Amino acid sequence: MTFPGDPQNVKLTTAEDFARAQAAQGDMRTGMGFDVHAFGDGDHVMLGGIAIAHSRGLTGHSDADVVLHALVDAILGVLADGDIGSHFPPSDPQWRGASSDRFLAFAVQRVAARGGRIAHLDVTIVCEAPKIGPHRDAIRRRIAAIADLAPDRVAVKATTSEGLGFTGRGEGIAAFAQATIRLP
Ligand code: MG
């Protein structure tokens, strides 16, 4: 049989062939992340490193960027390297009001330190408001810039929860993220 993902399209007949193809492909892993922040006072929210004008802000120790926080955990998940809270404890005053750009940059640097390469980052934002669509491409470009990726390797989707649950009641925003990374 042939292995469609292999650049050389090697004929795989023996266990040795499979092992060789697998080594060429590297150790492909996926990790997932999830985060929630509650609405509070404010006039904008930070989502994916972009400030979006809104009648409320998000509360949190840092800038409460749920999108970047979920992405950080997805990447750390691939590395089996703890979570955002273990690297940036909320009890540490130096992260108060911190821009979450630096958390994502940190996680990306941990991937590089392991010789890894990010293939794809994928995020789903759950909220009734603000509307994400008009900002989608700006968010994608910002995440790609922080993670040093081509924008076509970053996907941003948004959905409401049809009025149900805390997101439906407009109490906060949730984000789910997935990272696909090739490790050596
Ligand atoms: Mg968070």
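Thresholds applied
Residues numbered from 1 in each chain as written. Predicted model: local features only at pLDDT ≥ 70, side-chain atom pairs only at ≥ 80, totals over all residues. Heavy atoms only, no water. Helix = DSSP H or I, 4+ residues; strand = E, 2+ residues; numbered from the N terminus. Buried < 20%, exposed > 50% of the residue type's maximum accessible area, 1.4 Å probe, protein only. Contact = heavy atoms within 4.5 Å. Areas by Shrake-Rupley, 256 points an atom, 1.4 Å probe, with all protein chains shown as cover. Lys, Arg positive; Asp, Glu negative; His and termini not counted. Charge placed at Lys NZ, Arg CZ, Asp CG, Glu CD. Pairing = 2+ DSSP bridges. Axes fitted to C-alpha atoms, helices over the stretch in contact; angles between N-to-C directions. 1 Å grid on protein atoms, 1.4 Å probe; cavity = no way out; pocket = protein on both sides within 12 Å on 5 of 7 lines; lining within 4 Å. Points joined across faces, edges and corners; volume = space filled by probe spheres on them. Nonpolar A, V, L, I, M, F, W, Y, C, P; charged D, E, K, R; others polar. Donors = N, O, S within 2.8 Å, 3.2 Å for Na, K, Ca; no water. Salt bridge = Lys/Arg side-chain N within 4 Å of Asp/Glu carboxyl O. Parallel < 35°, antiparallel > 145°, perpendicular 65-115°, else oblique. Left-handed = near helix turned anticlockwise from the far one by under 90°. Core = buried A, V, L, I, M, F, W, Y, C linked by side-chain atoms within 4.5 Å. Phe/Tyr/Trp six-rings, centres within 6.5 Å; stacked < 30°, edge-to-face > 60°.

J.: What is the right way to read the overall build of the protein chain from this model?
T.: Looking only at helices and strands, one finds six helices and seven strands in the protein chain. Traced from its N-terminal end to its C-terminal end, the protein chain shows the element sequence α-β-β-β-β-α-α-α-β-α-β-α-β. By principal-axis analysis of the C-alpha atoms, the protein chain measures approximately 60 × 35 × 25 Å. Within the span of the protein chain, comprising 184 residues, buried residues form 42% of the whole. For the protein chain, the proportion of contacts with a sequence separation of at least 24, taken over those separated by at least 6, is 66%. Accessible surface, the protein chain: about 9500 Å² in total, of which carbon and sulfur atoms supply 52%. Taken as two groups, the 18 positive and 21 negative side-chain charges of the protein chain have centres that lie 4 Å from each other.

J.: Mind showing me how you'd approach the sheet that holds strand 1 (residues 27–40) here?
T.: Backbone hydrogen bonds hold the strands of a sheet together, and the pairing may be parallel or antiparallel. Read from one edge to the other, the open sheet built from five strands follows the order 4-1-7-5-6, with strand pairing classed as mixed. Both edges of this open sheet fall to strand 4 (57–58) and strand 6 (154–159), since each of them pairs with a single strand only. Note: strand 5 (residues 117–126) against strand 7 (residues 172–183), nine bridges, orientation antiparallel. Paired with Val-126 across the strands is Ala-174, a residue of strand 7. The strands touched by helix 5 (residues 136–147) are strand 5 and strand 6; relative to strand 6, the strand with the most contacts, the crossing angle is about 140°.

J.: Sorry, what's going on with the layout of surface pockets here?
T.: Take a probe with the size of a water molecule and roll it over the atoms, and the empty space left behind shows itself. Considering only enclosed or pocket space, the largest pocket measures out at about 190 Å³ in volume. As for the largest pocket, its lining consists of Asp-35, His-37, Gly-60, His-61, Ser-62, His-69, Ile-84, Gly-85, Phe-88, Pro-90, Trp-95 and Phe-103. Elements that contribute at least two residues to the lining of the largest pocket include exactly strand 1 and helix 3 (84–87). A per-class count over the lining of the largest pocket returns five nonpolar, six polar and one charged.

J.: Even after reading the chapter, I still don't get the coordination of the magnesium ion, so can you show me in this structure?
T.: For a metal with four tetrahedral donors the ideal donor-metal-donor angle is 109.5 degrees, whereas six octahedral donors ideally subtend 90 or 180 degrees. Taken together, the protein ligands of the magnesium ion are Asp-35 (OD), His-37 (NE2) and His-69 (ND1), with distances of 2.2 to 2.3 Å. Within one chain, the residues donating to the magnesium ion are spaced in sequence as D-x1-H-x31-H.

J.: Just checking my understanding: could you explain the pattern of salt bridges for this structure?
T.: Pairing between side chains of opposite charge can happen when the charged atoms of each approach one another. Per the stated rule, a full pass over the model turns up seven salt bridges. The salt bridge partner of Arg-142 is Asp-101, with a shortest N-O separation of 2.4 Å. Taken together, the residues Arg-142 in helix 5 and Asp-101 in helix 4 (residues 101–113) connect sequence positions 41 residues apart. By relative accessible area, which is 18% here, Asp-101 ends up buried. Across the salt bridge formed by Arg-169 and Glu-171, the nearest N and O atoms sit 2.8 Å from each other.

J.: How should the packing of helix 2 (residues 66–79) against helix 4 be read in this particular structure?
T.: The packing of two helices is summarised by the inter-axis angle and the distance between the axes. Where helix 2 meets helix 4, the closest approach of the two axes is 9 Å, and the angle between their N-to-C directions is 15°. Comparing their axes, helix 4 and helix 2 come out roughly parallel. You can see that helix 2 and helix 4 cross each other, and the crossing is left-handed. Touching Leu-68, His-69, Leu-71, Val-72, Ile-75, Leu-76 and Leu-79 of helix 2 are Asp-101, Phe-103, Leu-104, Ala-107, Val-108, Arg-110 and Val-111, all from helix 4. Residue classes in the contact of helix 2 with helix 4 are distributed as eleven nonpolar, one polar and two charged.

J.: Just to check I follow, could you spell out the nonpolar core for this structure?
T.: Nonpolar side chains tend toward joint burial in soluble globular proteins. In this structure, Leu-47, Val-67, Leu-71, Ile-75, Leu-104, Leu-121 and Ile-143 are the most contacted members of the largest nonpolar core, which totals 47 residues. Counting only elements with at least two residues in this core, the list comes to strand 2 (44–47), strand 3 (50–53), helix 2, helix 4, strand 5, helix 5, strand 6 and strand 7. It is helix 2 that contributes the most residues to this core, eleven residues altogether. For Leu-121, the contacting residues outside a window of four places in its chain are Leu-71, Ile-75, Ile-143, Ala-147, Leu-149, Arg-153, Val-154, Ala-155, Gln-178 and Ala-179.

J.: Help me understand the packing of aromatic side chains in this model?
T.: Where two aromatic rings form a pair, the distance of their centres and the angle of their planes describe that pair. The final tally for this structure, using the stated rule, is five aromatic pairs. Between the aromatic rings of Trp-95 and Phe-103, the centroid separation amounts to 5.9 Å while the plane-to-plane angle is 75°, which identifies the pairing as edge-to-face. Phe-103 carries the same exposure label as Trp-95, and that label is buried.

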